[in-house]
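# Observations on the model geometry
Read off the chains here:
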Amino acid sequence: MQVNGQLALTVLMGVFLVAVAAWLARVENWRTYTPLAGGGGAYGQEGYTSEEKPSGLIRWLTTVDHKDIGLLYGTYGLIAFAVGGLMVVVMRVELADPGMTLISNTYYNSLLTSHGITMLFLFGTPILAAFSNYLIPLLIDADDMAFPRINAIAFWLLPPGALLIWAGFFPIPDIIPAQTAWTMYTPLSAGLGNGNQANAGVDLMLLGLHLTGVSATMGAINFIATIFTERAEEVTWANLDIFSWTILTQSGLILFAFPLLGSALIMLLFDRNLGTAFFVNGGDPILWQHLFWFFGHPEVYILVLPPMGIVSYVLPRFSGRRLFGFKFVVYSTLAIGVLSFGVWAHHMFTTGIDPRLRASFMAISLAIAIPSAVKTFNWITTMWNGRVRLTTPMLYCIGFVSNFIIGGVTGVFLASVPIDLVLHDTYYVVGHFHYIVMGAIAFAGFAGLYYWFPLYTGRMYQRTLGKAHFWLSMVGTNVTFFAMILLGYGGMPRRYATYLPQFATLHQVATLGAVILLAGQIIFVWNFVQSWLEGPKVENGDPWNLKEDNLYTAEWNWYDRKLKTAVADGGEEEEEEALTDGGQAADATETDDDAN
Amino acid sequence: MANEIFDRETLLDLTVNMIPLFIIAFFMVAFAVFPLFGRGDLLAMAVQYGLLLVPFVALAVLTYLSGKAIAGDEKRSTVFLQGQATVDEPTELHEYESQAEAAAVDDDSPAELESSDGETTQNDDETTRN
Ligand code: HEM
Ligand SMILES: [Cu+2]
């Protein structure tokens, strides 16, 4: 009987797939996708022009244009940011008083796990891919990515990944959310003991994570191939911009780190479902920590290098001068890339590993602090005596530098074994890495979103709202995470839904900070959506007045050409007047250049 | 041939990676001179030094290769201001630098190109500063 049921299901699934394939084949005339079929325009980038792009939803489902894929990644990342952010708001509200009030402790643990994974894998990596997909081909003057279709596949692996990771939260019978924390330490994550982590929800989460890892790896291969082989002739290694350098390094890190995560996840799935003995059943639970952190520490640099690139790229444009010590920044990026693979056990100082090995990991962790500090000095020196324009992107860059200093310095303290033995698994660690992931990485993301807003929307955002967003984020970040550093000094352990009454005040301060952050992000969403739809059109190829200081760069040059040649970009409703060659569209609104 | 590429300038640029290399070397010597946890266990010692040696060698090799690629391209072809290689009227780096130096000699303002400084700045008409 069982077999018959399964057979029926299989047949049903087969019929369904055939139906989908038939529908896809009919809905579009795929033969029209030959590049440059009709008057593709003078510029390489327009390989897939308006005629070839279908309109509406189909365009977004079928696109292989790097700019469209960049926008998809961006949308995806921001949605994940909202999901992960709302999860943590619930947690912070729960933590406003010591006991268990709003949600159950197990639900708290579920949110904690999902928040971490969502922010790192569904927001962090994709939002960076948004910038790199949109910008790298423009910056190095390539026609598109080296493998446009792989690029599209890499993105489309992400939505199913998210659904699997969040599966436990959906009303599916017998499936509960994972409560393993983002580090998925064994034996808890192997489903042993009296807990409920043998549930299939954990397996789904692991599979989802695996998908996002495959996606990141495909993207990384694509970027390495693109940057090595698709550069225009003038873009020599000496002329490669700093953002592309950081993406190249990041891709190298992904290439070595993510497949390892994938293997470790498979081993864990085997331990859970097939009775193998890698980590449990007689295996070694510490092996998981080694494998996880051999991926995990490079992962934090995978997340921070491109933001460093964005800041190194944007900050000089508003300092009225070029980046101080450009090559220092390039070489130190590469140094971070290599050394990040030699520090993983600084997350394991308290596990009882051999003290000699601890000492070595401490040494490399201290050495890696140097290239990070060098960059900080480069940014400060760039602003020193410069003509600083405090636009919204610039404010975010300065906020990045300031928060990165606190996050980095607390990191160096944690890297020294005696201090870590005291502070490990306290809120101090939470404070440390949130200064980096929220205070630096998200800030650089916002700097980029504002700086290139005219580039990808053709419009300008509202600058007052932009500044309100910045100040609320800056104050909120520091209130929340400084309170956490103090909590850590006080000995408050991390990952608990309840706590002793003596920690109440600082926890309430942290919750207040989270509410301030939430207010800021609501303003951001409003500003972003409204300005995208109705903001004043930017009809000037140099909205930030970069030419004035000789800081004009390739992507704005591309934008300028696009404005001047204004072939309607497929998909949107055709605007007739935009087709006029050369001149500006009739309804040219004065550019709001936000330069004050 | 190596010395043609690794001239003084390039070596100066690479100092930024020499410092971490030096720190790692320092710890290797320190652990050798003060073996706090004994010399007994050979395997542990081997892993301890391996963990320092592998990143050291990897960093040295990557620094050498990237230095060769970047400095080599500097010698072989024109270097433009960052991100300007493919814009319509790019500025060459040495041009920019010599002008910046000239400007610095003229007055003590920071060594940067003033916007009115001649051919390299394209659109003087757009100087709407605030
Ligand atoms: C630059 C970007 C950085 C990011 C994104 C970052 C991120 C993180 C994260 C996510 C953790 C928590 C891991 C966990 O769940 O336990 C962490 C812990 C740690 N970080 Fe960083 N970090 C950065 C920089 C640094 C630096 C520069 C150092 C030191 C040189 C450092 C040293 C540490 C140490 C030792 C821990 C472990 C603390 C413990 O668990 O006891 N981090 N970091
Ligand atoms: Cu780490």
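Residues numbered from 1 in each chain as written. Chains lettered and ligands numbered in written order. Predicted model: local features only at pLDDT ≥ 70, side-chain atom pairs only at ≥ 80, totals over all residues. Heavy atoms only, no water.

Residues and elements named next belong to chain A. Cis geometry marks the peptide bond from T186 to P187, where omega comes out at 5 degrees. By the element assignment, P187 lies in the loop between α6 (158-165) and α7 (200-229). Positive phi outside glycine occurs at D141, with the angle close to 60 degrees. Secondary-structure assignment places D141 in the loop between α4 (105-139) and α5 (148-156). (Helix = DSSP H or I, 4+ residues; strand = E, 2+ residues; numbered from the N terminus.)

Glancing now at the UniProt feature "transmembrane region" (unreviewed entry) in chain B. The UniProt record marks residues 12-34 and 46-67 of chain B with the feature "transmembrane region" (unreviewed entry), using the residue numbering of this structure. Counting secondary structure, residues 46-67 of chain B comes out at 100% helix and 0% strand; the distance between its end C-alpha atoms is 31 Å. (UniProt positions renumbered as here; feature names shortened; annotations may be inferred.)

Further remarks concern the coordination of the copper ion (ligand 2). Residues and elements named next belong to chain A. Distances from the copper ion (ligand 2) to its protein donors, namely H297 (ND1), H346 (NE2) and H347 (NE2), fall within the range 1.8 to 2.1 Å. Sequence spacing among the residues donating to the copper ion (ligand 2) works out to H-x48-H-H. Here the copper ion (ligand 2) and the iron atom of ligand 1 are spaced 4.4 Å apart. One end of the pair, H297, is in helix α9 (residues 285-314); the other, H346, is in the loop between α10 (326-339) and α11 (355-383), with 49 residues separating them in the sequence. (Donors = N, O, S within 2.8 Å, 3.2 Å for Na, K, Ca; no water.)

The subject of this paragraph is the domain arrangement of chain A. Residues and elements named next belong to chain A. Taken domain by domain, chain A comprises domain 1 (59-257), domain 2 (284-532) and domain 3 (535-596). When each unit is reduced to the centre of its C-alpha atoms, the spacing between domain 2 and domain 3 is 34 Å. The interface of domain 2 with domain 3 comprises 26 residues on the first partner and 21 residues on the second. Buried surface at the junction of domain 2 and domain 3, summed over both partners, amounts to about 2,100 Å²; 50% is from carbon and sulfur atoms. Considering only the side of domain 2, the residues that lose the most area to domain 3 are L455, M460 and R463, jointly responsible for 30% of the buried surface there. On inspection of domain 2 and its partner domain 3, the count reaches 2 salt bridges. Linking domain 2 to domain 3 there are 13 residue pairs in polar contact (both at pLDDT 80 or more). If you list the elements that add at least two residues to the side of domain 2 that touches domain 3, you get α12 (392-415), α14 (427-451), α15 (453-457), α16 (463-490) and α17 (504-534). In terms of residue class, the side of domain 2 that touches domain 3 is built from 12 nonpolar, 6 polar and 8 charged. (Domains from an automatic or database assignment. Contact = heavy atoms within 4.5 Å. Buried area = accessible area lost by both parts, 1.4 Å probe. Salt bridge = Lys/Arg side-chain N within 4 Å of Asp/Glu carboxyl O. Polar contact = N/O pair within 3.5 Å; in protein donor to acceptor, adjacent residues only side chain to side chain. Nonpolar A, V, L, I, M, F, W, Y, C, P; charged D, E, K, R; others polar.)

Here we come to the environment of A:D174. Within the secondary structure layout, A:D174 lies in the loop between α6 and α7. Overall, the relative accessible area of 68% leaves A:D174 in the exposed class. (Buried < 20%, exposed > 50% of the residue type's maximum accessible area, 1.4 Å probe, protein only.)

Its sole protein donor being A:H432 (NE2), the iron atom of ligand 1 sits 2.2 Å from that atom. Summarising the element assignment, A:H432 is placed in helix α14.

On to the packing of α6(A) against α7(A), then. All names here are of chain A. The contact between α6 and α7 brings their axes to 7 Å, and the two run at 160 degrees. Relative to α7, the element α6 lies roughly antiparallel. The element α6 and its partner α7 pack so that their crossing is left-handed. Contact residues: α6 offers L158, P160, G161, L164 and I165, while α7 offers L204, M205, L207, G208, L209, L211, T212 and S215. Classifying every residue of the contact of α6 with α7 gives 9 nonpolar, 4 polar and no charged. (Axes fitted to C-alpha atoms, helices over the stretch in contact; angles between N-to-C directions. Parallel < 35°, antiparallel > 145°, perpendicular 65-115°, else oblique. Left-handed = near helix turned anticlockwise from the far one by under 90°.)

Glancing now at the side chain of A:Q179. Residues and elements named next belong to chain A. Tracing the chain through its elements places Q179 in the loop between α6 and α7. There is a polar contact of 3.4 Å between the side chain of Q179 and the side chain of S110. Beyond its immediate chain neighbours, meaning those up to four positions away, Q179 contacts T106, N109, S110, T113, L188, N196 and Q197.

Below, the discussion takes up the layout of surface pockets. Considered as a void within the structure, the second largest pocket measures approximately 990 Å³ in volume. Lining the second largest pocket are 37 residues, with A:R322, A:G325, A:F326, B:L93 and B:E97 sitting closest to its centre. The set of elements that each furnish at least two residues to the lining of the second largest pocket consists of α10 and α11 of chain A together with α2 (8-33), α3 (42-76) and α4 (93-106) of chain B. Top contributing element to the lining of the second largest pocket by residue count: α4(B), with 5 residues. For the lining of the second largest pocket, the residue count by class is 18 nonpolar, 8 polar and 11 charged. (1 Å grid on protein atoms, 1.4 Å probe; cavity = no way out; pocket = protein on both sides within 12 Å on 5 of 7 lines; lining within 4 Å. Points joined across faces, edges and corners; volume = space filled by probe spheres on them.)

On to the pattern of salt bridges, then. Under the definition given, this model contains 10 salt bridges over all chains. Put simply, B:D13 and A:K327 hold a salt bridge, and the shortest N to O gap is 3.0 Å. Here the residue B:D13 occupies a position in helix α2, and A:K327 occupies one in helix α10, the pair thus bridging two chains. Take B:D13: its relative accessible area is 11%, and that puts it in the buried class. The closest approach of N and O atoms between A:D549 and A:R387, which form a salt bridge, is 2.7 Å. Here A:R387 lies in the loop between α11 and α12 and A:D549 lies in the loop between α17 and α18 (554-565), a separation of 162 residues in the sequence. Assessed through its relative accessible area of 7%, A:D549 is described here as buried. Residue class for A:R387 comes out partly exposed when judged on its relative accessible area of 29%. Each of the salt bridges in this network shares a partner with another, and the network as a whole consists of A:K327, B:D13 and B:E74.

In this section: the packing of aromatic side chains. Under the counting rule described, the total for this entry stands at 57 aromatic pairs over all chains. Relative to A:W544, the ring of A:F318 lies with its centre 5.2 Å away and its plane at 90 degrees, an arrangement referred to as edge-to-face. In this pair, A:F318 is assigned in the loop between α9 and α10 and A:W544 in the loop between α17 and α18, connecting sequence segments 226 residues apart. Residue classification places A:W544 among the buried positions, given a relative accessible area of 0%. Measuring from ring centre to ring centre gives 5.7 Å for B:F27 and B:F31, while their planes differ by 45 degrees; the resulting arrangement is tilted. Of the two residues, B:F27 and B:F31 both sit in helix α2, 4 residues apart, roughly one turn of that helix. Take B:F31: its relative accessible area is 16%, and that puts it in the buried class. Geometry around A:W60 places A:R59 over its ring, the cationic atom sitting 4.4 Å from the centre. Lying across the ring of A:W237, A:R231 places its NZ or CZ 3.8 Å from the centre. (Phe/Tyr/Trp six-rings, centres within 6.5 Å; stacked < 30°, edge-to-face > 60°. Lys NZ or Arg CZ within 6 Å of the ring centre and 35° of its normal.)

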